[in-house]
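# Secondary and tertiary structure notes
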Amino acid sequence: MATEISIPDSAAKAARARGELVESTSEAEHEYGSEKMDLSMGPSHPSTHGVLRLQLQIDGEIVTKCDPVVGYLHRGDEKIAENMTYNQFVPYTDRLDYLAPLANNMAYAIAVEKLAHLEVPPRCQAIRVITAEMARISSHMMGLGAFGLDVGAWTVLVLSLNQREFLYKLFEELTGARFTTSYTRIGGVTRDIPDGWLGNVEKFCDQFLPALEELLSLLTRNKIFHDRTVGVGVISKADALAYGLTGPNLRGSGVPLDLRKDKPYSGYEQYEFDVPVGTKGDSYDRYLVRGEEMRQSVRIIRQVIKTMPAGDWFAKDAVKIFAPRKEKVLTSMEELINNFMITTEGPQMPPGEVYFEAENPKGILGFYVVSKGGGVPWRLKIRSPSFCNLSIVPKICTGILISDVVAILGSFDFVMGECDR
Amino acid sequence: MTAPVAAKTALKEKFPQVTDRLSADHDAVNVPVGEVVAVLKYLRDEFAFDLLMDLTAIDWAEGASPRFTVVYHLFSSVNLGYIRVATDCASNDEPTAPSVVELWPAANWHERECYDLLGVKFTAHPDLRRILMWDGYPYHPLRKDFPLAGIEVPLPDAEISAETGVAAIAVPMMGGPFVASPGEMNLTEAEPRAKDESWSDRDARPDQTALKQLKS
């Protein structure tokens, strides 16, 4: 619904009013006399963070129409999900929001566990919380770095990538992969946390907070950053709700909705943290919300480390769902059969439908799973936050300067892998 | 009593045709397709379901009747509860449902996606174009009768094709991870990046025959 607006006092119109611009009725009018220009921003544009394309119509420097074109990264994840077992789909969730794969893994696993009426033990929940919060820091770090880059602050990106490197090292120690982790399984996680890992996370937190303050101090009181973001891309509370915005973009507009607090899952209710909200709903507020969220994530991580429960890291009663450990497969006939059945036919699920949403770094990620029984979902719908957040772009990117479009996109912090699925 | 339960009871009193829907988690109702806009408006205005979280459709396979079901997930940021509203599309061949863009602008992109991937037409939608696939794409890929391997179609850019005078054919899907049948073309012909099997240790590679003769 990209509506077109007209600018009252553009240079060409002023010239025409003064009689300086000669109107032509020939075909040349289309070439030279037209005031508006079409500009395709993207799909390969540094500020569109992937392959978003904005079909802009501009009058001078002012955007008169904005039509986002998405789908360049569409891989048909939902179709693929209908053709493979529940366990096989876990790696595909890495590729949704590829800046926070651990959080996606967890959201998907909990959705399917709800379908199977499966309770995971407290240790597994705590491990998932700690990884999800680390993923949040990693994602927000990239978001802020890219935002800074978009509005001309290069240093921020370098500092944030530094911190992400530390995080990747920790992810690698835990999961064996830096980027596409595929860490959770339905009914547990792939492996327990290694010895000394929690100490390393603690060390990371200790050095991260001062580094974060340094990073934020480059932007928070920066005059250029203020000029580019304060009052730019204001989204009202009502609009944010009506367009289904979630995550920092919704909270930046002053709605204190955070599912970790409001619909706690995976044991989030045990931890103490605050939900930051903005007051004006402009790009600057969205930036502030993300900065504060990272501090709160560190708070959560420290509490989890302090209260990390002992015990199992996978659901013991999930024998027909959670694949047995390798040494058991090689020594016990029963476990070998289980492993074979889980691998070939998938974990058997009861018929029914569930909808689960988790508070991901980018917003609320939802999985709607429809099962007819068996090891393969009948329909799996992914409600991706970036897709919903981007749907407000035609509304707020009309009537502003082109340079502000860049600032707004930066403040939205979207990922096209998740938007296009 | 939580808000969604109250909403469900009140809803069934006000709209007698609304029935319970089996659900493993949230409250869920089945609504006749004609009443869905009124029901959703009632839920939004009276029970503060202010967020349309998700809108999608399910294809219950070819030959099933009703074949398409449109599902709405609402969330209330005030009462913190979900409700699932489902409605069966009347026609199995030309499924339609009323658009709810008037109620939530968020429905705009969701409905476009639903139309794009499943072919459910939303009446009174202001701008029902494809969103993930390109304009002019002939199929609805999430339907159950659409094969996983895909169907080859000409490239979207008819303009480029007209300019160059060459029919634009999409990159062959041979060799992809989901191709079930090998098709009629051989692999070398269809997939230029695949290993060239026209030569082996017995038959010399065509461009090196001349070289061999020279050496001997």
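Now for a description of the structure that goes with this document. Since this is a predicted model, take the numbers as computed values, not measurements.

## A look at the sheet that holds strand β8 (residues 379-383) of chain A
Residues and elements named next belong to chain A. Strand order in the open sheet formed by three strands is β6-β7-β8, with antiparallel pairing between adjacent strands. Each edge of the open sheet is held by one strand with a lone partner, namely β6 (352-360) and β8. Neighbour to neighbour, the strand axes of the sheet diverge by 10 degrees on average, direction disregarded. Here β6 runs beside strand β7 (residues 363-371); their pairing, made up of nine bridges, is antiparallel. Note that in β7 the partner of N360 across the bridge is G363.

## Some remarks on the interface of chain A and chain B
Facing 33 residues of chain A, the contacting portion of chain B comprises 30 residues. Elements supplying a minimum of two residues to the side of chain A that touches chain B: α3 (77-81), α5 (101-116), α10 (237-242), β6, β7, β8 and α16 (385-390) of chain A. Tallying contributions element by element places β6 of chain A first for the side of chain A that touches chain B, with five residues.

## Here we look at the environment of T307 of chain A
As for its position among the elements, T307 of chain A is in the loop between α13 (283-306) and α14 (326-331). Separated by 37 residues in sequence, T307 of chain A and Q270 of chain A place their C-alpha atoms 9.7 Å apart.

## Some thoughts on helix α6 (residues 122-150) of chain A
All names here are of chain A. Counted at 1.5 Å a residue, the expected span for α6 with its 29 residues is 42 Å, and the 41 Å between its end C-alpha atoms agrees. Burial analysis of α6 places 25 of its 29 residues in the buried class, which makes it a mostly covered element. Just downstream of α6, G152 is the residue with a positive phi angle, here 100 degrees.

## Quick look at the nonpolar core
For soluble globular proteins, nonpolar side chains are generally found buried alongside one another. Ranked by size, the top nonpolar core spans 155 residues in total, and within it A107 and A111 of chain A together with L74 of chain B carry the most contacts. Take this core: its biggest share by element is 13 residues, from α6 of chain A. Beyond its immediate sequence surroundings of up to four residues, A107 of chain A is in contact with F356, A358, N360, L365 and F367 of chain A.

Rules used throughout
Residues numbered from 1 in each chain as written. Chains lettered and ligands numbered in written order. Predicted model: local features only at pLDDT ≥ 70, side-chain atom pairs only at ≥ 80, totals over all residues. Pairing = 2+ DSSP bridges. Helix = DSSP H or I, 4+ residues; strand = E, 2+ residues; numbered from the N terminus. Axes fitted to C-alpha atoms, helices over the stretch in contact; angles between N-to-C directions. Contact = placed C-beta atoms within 7 Å. Expected span 1.5 Å × (residues − 1). Buried ≥ 20, exposed ≤ 12 C-beta atoms within 10 Å, placed from the backbone. Core = buried A, V, L, I, M, F, W, Y, C linked by C-beta atoms within 7 Å.

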